[in-house]
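A look at the structure
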There are 2 protein chains.
Amino acid sequence: MRIEIVTIGNEVLSGRTFDTNFVYLARALEEASVVVGWHTTVGDNAELIGETLKLALSRADAVVMMGGLGPTPDDMTRKAVATALNRPLQLEESVLAHIRERGRRAGRKLPSSVETMALVPRGSEVWQNPVGAAPGILIDYRKKPVILLPGPPPEFEALAERHVVPWLRERSGTHVDSFTLRTFGLFESQLHERIGTLPDTWHGAALAYLPSWFGVDLRVTVTGANAALVRGTAERAYNELGERVQGVIYAEGTQTMEEAVRELLLERKWRIATAESCTGGLLAKRLTDLPGSSKCLERGYVTYSNASKQELLGVTSEDLAAHGAVSAAVAEHMARAARERAGVEVGVSITGIAGPDGGSEKKPVGTVFLAVSSPLGEAVRVHRFMGSRSTVRERAAQTALDMVRRHLAELPVDPTLY
Amino acid sequence: MRIEIVTIGNEVLSGRTFDTNFVYLARALEEASVVVGWHTTVGDNAELIGETLKLALSRADAVVMMGGLGPTPDDMTRKAVATALNRPLQLEESVLAHIRERGRRAGRKLPSSVETMALVPRGSEVWQNPVGAAPGILIDYRKKPVILLPGPPPEFEALAERHVVPWLRERSGTHVDSFTLRTFGLFESQLHERIGTLPDTWHGAALAYLPSWFGVDLRVTVTGANAALVRGTAERAYNELGERVQGVIYAEGTQTMEEAVRELLLERKWRIATAESCTGGLLAKRLTDLPGSSKCLERGYVTYSNASKQELLGVTSEDLAAHGAVSAAVAEHMARAARERAGVEVGVSITGIAGPDGGSEKKPVGTVFLAVSSPLGEAVRVHRFMGSRSTVRERAAQTALDMVRRHLAELPVDPTLY
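Cut-offs used in this document
Residues numbered from 1 in each chain as written. Chains lettered and ligands numbered in written order. Predicted model: local features only at pLDDT ≥ 70, side-chain atom pairs only at ≥ 80, totals over all residues. Domains from an automatic or database assignment. Pairing = 2+ DSSP bridges. Helix = DSSP H or I, 4+ residues; strand = E, 2+ residues; numbered from the N terminus. Axes fitted to C-alpha atoms, helices over the stretch in contact; angles between N-to-C directions. Parallel < 35°, antiparallel > 145°, perpendicular 65-115°, else oblique. Left-handed = near helix turned anticlockwise from the far one by under 90°. Contact = placed C-beta atoms within 7 Å. Core = buried A, V, L, I, M, F, W, Y, C linked by C-beta atoms within 7 Å. Buried ≥ 20, exposed ≤ 12 C-beta atoms within 10 Å, placed from the backbone. Nonpolar A, V, L, I, M, F, W, Y, C, P; charged D, E, K, R; others polar.

1. Quick look at the domain arrangement of chain A
In many analyses, interface size is given as the accessible surface area lost on bringing the parts together. The domain architecture assigned to chain A consists of domain 1 (2-172), domain 2 (175-252) and domain 3 (268-408). Between the C-alpha centres of domain 1 of chain A and domain 3 of chain A the distance comes to 53 Å.

2. Here we look at the pairing of strand E7 (residues 136-141) of chain B
Residue and element names in this part refer to chain B. Across three bridges, strand E6 (residues 125-127) lies against E7 in antiparallel orientation. Residue pairing for E7: Trp127 is matched across the bridge by Gly136. Inspection of the sheet shows E7 paired to strand E8 (residues 144-149) by five bridges, in the antiparallel sense. Pairing of Ile139 across the sheet is with Val146, part of E8. Hairpin connection from E7 to E8: two residues lie between these consecutive antiparallel strands, with Arg142 at a positive phi of about 45°.

3. Let's talk about the packing of helix H9 (residues 257-268) of chain B against helix H14 (residues 389-408) of chain B
Residues and elements named next belong to chain B. It is the contact of H9 with H14, at a shortest axis distance of 9 Å, that shows an interaxial angle of 30°. Between H9 and H14, the crossing angle belongs to the class labelled roughly parallel. Remark: the crossing between H9 and H14 carries left-handed chirality. Of H14, the residues touching H9 (which contributes Met257, Glu258, Ala260, Val261, Leu264, Leu265 and Arg268) are Gln398, Leu401, Asp402, Val404, Arg405 and Leu408.

4. Looking at the nonpolar core
General note: in soluble globular proteins, nonpolar side chains tend to be found buried as a group. In this structure, Met334 and Ala400 of chain A together with Met334 and Ala400 of chain B are the most contacted members of the largest nonpolar core, which totals 112 residues. Ignoring sequence-local partners within four residues, the contact set of Ala400 of chain B consists of Leu283, Val348, Ile350 and Leu370 of chain B. Residues Ile5 and Val12 of chain A together with Val12 and Leu148 of chain B belong to the second largest nonpolar core, which totals 97 residues.

5. Regarding helix H4 (residues 77-85) of chain A
All names here are of chain A. By the burial criterion, the buried members of H4 are Thr77, Arg78, Ala80, Val81, Ala82 and Ala84. Where H4 is buried, its residues meet strand E1 (2-8), helix H3 (46-59), strand E3 (62-66), strand E4 (89-91), strand E5 (119-121) and strand E8 (144-149). Asn86 sits one or two residues past H4 and shows a positive phi near 55°.

6. Observations regarding the sheet that holds E7 of chain B
Taking strand neighbours across the sheet as the criterion, the 12 strands line up as E6(A)-E7(A)-E8(A)-E3(A)-E1(A)-E2(A)-E2(B)-E1(B)-E3(B)-E8(B)-E7(B)-E6(B) in an open arrangement whose pairing is mixed. Strands at the two margins of the open sheet, each flanked by one partner only, are strand E6 (125-127) of chain A together with E6 of chain B. Strand after strand, the sheet turns through a mean of 15° between neighbouring axes, direction not considered. Across the sheet, helix H2 (residues 20-31) of chain A touches E1, strand E2 (35-42) and E3 of chain A, and the angle it forms with E1 of chain A is around 165°. Each of strand E1 (2-8), strand E3 (62-66), E6, E7 and E8 of chain B touches helix H6 (residues 153-170) of chain B; the most contacted strand, E8 of chain B, lies at about 170° to it.

7. A word on unusual backbone geometry
For the bond running from Gly355 of chain A to Pro356 of chain A, omega is 5°, close enough to zero to count as cis. For Pro356 of chain A, the position within the fold is in the loop between strand E15 (346-352) and strand E16 (367-374). A positive phi angle is found at Glu410 of chain A, which is not glycine, with a value near 55°. Positive phi, normally seen in glycine, also occurs at Asn86 of chain B, with a value near 55°. Since 9 C-beta atoms lie within 10 Å of it, Asn86 of chain B is described here as exposed.

8. Overview of the environment of Glu51 of chain B
Within the secondary structure layout, Glu51 of chain B lies in helix H3 (residues 46-59). When the C-alpha positions of Glu51 of chain B and Ala84 of chain B are compared, they lie 7.5 Å apart, and in sequence the two are 33 residues distant.

9. With respect to the interface of chain B and chain A
Every contact between the two is made by 58 residues of chain B and, on the other side, 60 residues of chain A. Taken together, the elements giving at least two residues each to the side of chain B that touches chain A come down to helix H1 (10-13), helix H2 (20-31), strand E2 (35-42), helix H5 (93-106), helix H10 (282-287), strand E14 (297-302), helix H11 (306-313) and H14 of chain B. Looking at the side of chain B that touches chain A element by element, the count peaks at six residues for E2 of chain B. Among the residues forming the side of chain B that touches chain A, the class breakdown is 25 nonpolar, 21 polar and 12 charged. Relative to E14 of chain B, strand E14 (residues 297-302) of chain A runs antiparallel, the two being bridged by three bridges. Directly across from Val302 of chain A, in E14 of chain B, lies its bridge partner Gly300 of chain B.

10. Re the environment of Glu11 of chain B
Along the chain, Glu11 of chain B turns up in helix H1. In this structure the C-alpha to C-alpha distance between Glu11 of chain B and Asp44 of chain B, which are 33 residues apart in sequence, comes to 9.0 Å. Dropping the residues within four chain positions of it, Glu11 of chain B is found in contact with Ala208, Leu210 and Arg219 of chain A together with Arg16 and Thr17 of chain B.

11. As for the sheet that holds strand E9 (residues 175-183) of chain B
Pairing between the strands of a sheet is mediated by backbone hydrogen bonds and can be parallel or antiparallel. Residue and element names in this part refer to chain B. A sheet is described by the order of its strands in space; here four strands give the open sequence E10-E11-E9-E12, paired in antiparallel fashion. Either end of the sheet is taken by a strand with one partner, and the two such strands are strand E10 (205-212) and strand E12 (249-252). Going from strand to strand, the sheet's axes swing by 25° on average, the running direction of each strand aside. Summarising the sheet, E9 and strand E11 (residues 215-224) pair through nine bridges and their orientation is antiparallel. Its bridge partner being in E11, Ser178 is matched across the sheet by Thr221.

Below, the structure written as structure tokens:
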């Protein structure tokens, strides 16, 4: 079964409102092994709503439409669907009673317009709305279910969770299993060289490469009619893919790099101090994004000026003169001094040229030196990041975190060496 | 002209990835008076991509497809479009040269798979990608434009802003003028009380309240067929709206709070130093988001532990014992010490409880003290921010920046007092 989800609403189509209902339903349906084939958004326009429904019925096995079931004139889903399917609207007494009961309990007189919400296409089944007035509506149209849901997220979610997802799951006959391996340090194309055509050997599986500032996530989704086979393929894919890229996996699922670093710090009962120049506090900010960060980050030095590098971290004017503030020598010194002066086990530093100005022939914009220092030893690396100032800074912070992670895990700090 | 936007990608269709590209494009097109009629999302499936494009061409005047232009096998937009339109893929030399040049500058050898990104449907025009490899592709198919854009948001946004939006706006035939006043310090409802029904007097204009962590942006868009009338209405709206809310406007258009602060610092030729506890470096990071920040930020102290507050800023154990680290006394001391120890004119500090743990009856989660110190004087405020850890931290940083801004502009630091 492959379904189509249709969102109705000008505010979504204009980008002003995020379509959180779609995200909610798509995730819930994936977990319920219901395959979504299409998602279409149209505005509050009866003709377009009707056309969209007919198109969806021509290609999908079931249609879920959300939005446009309220009492105001811009809500036209009810009428558009009745016309498109040739199922005239009829008053549904149980809904009217439900609406009146809600009004009575809230102690307020309802305007008569709310009664339009009790109109449903002929032959519909209704799901009463536990947190609002407009019901969920289920229409069996030539053996294809058409489901209408109200747009306000609490009402939508309540009806989706109690009725729509279980109802569709029961009828799906498909099973889904998926996992995500998060990698850092290799480009998409380099990962592809290592992985090659391996996914072709997994029956019913798809591999997606999802690149971002934070690395490349590898997401595998397996679908099929037999739950045990799907599970088995997913396990095999997990093992085989993991083997090909194990050296660069920093986390699984939705775990972040800072969580991976924190786990390694907590295991050793170590704390960390940061020394940053071009990232200007971003690295310390990342390390304190997590609740309870005081167990991990002791302090951070944002030594943006040369004077502050000297005063706070004891960088020498000789090193600054001989190598410049953006150099391996200064990065190493910063990491070591941060560690020693904070009295903690790990120091990490970043010094570089985030741009857009300040580059030179030898050290172009994007040149960043990173260092780590701990009882396990010291390491320094240089990178040349491409992109805007913000990209250079984000990538530098993520690279520094990965360097700490690899250092604490006693892996080679260069991820391409594995 | 009514266009269709098509998003391609399993990760979007499954609800795992938020379709920020769509939101970005839809908002930009609305400002450019280009009407979006449909938004369709399909997975990484060549057949469905082709069918979706044909359908879109049958109902829309132009089609923008985004995603699936990368170098890996799950990227199949290029091929699907070539097949659907019967425009075989051809090597575009200028793109290949662009990709090789990027590789050369980054100093790395590119795998041959990246060259697939230089393949474009016959008769395409290309827009080089300023921040990545895959170009934007413009195909004129029987007088209807089909535009293909890469999915990674920085690349997508760069191409959309530079090429796609201006290109479509030129062809739309409507005039638009718009402006944004960015406010901070009042809630949406408080602004609405001040503004009332004023927008009803502006012909063809719409006022949107856009609340976020960074305050409430007031965006006015005027549309019409006559350019001079549109311009005149926009000017009148700008003056009248500005008068109602002038005390809380920190910037216009896309200018940020940190830019506003920087302007004021540069005017006085002053520099700033930060002292942060719960924001963990976020404030310093914000102040260094801008190029050339070394003229403004001298250094930042991320004093997360009590020990670091004492060692780096001289906070006394008496103050810590008597008032706690989250207190007006400690905030004031931090701001003054940051300023004095860095040898600069302005110090700003944040100390608070970002949560989710660590709150108490007297100082619940979200309690944050902020202070500023300069030759103009000193000020300290306490706020109680609602929301998640991340919301509390973002709002605290923005509030600190606004406090510095108001202080330097010699406005009352409390924005409700105007």
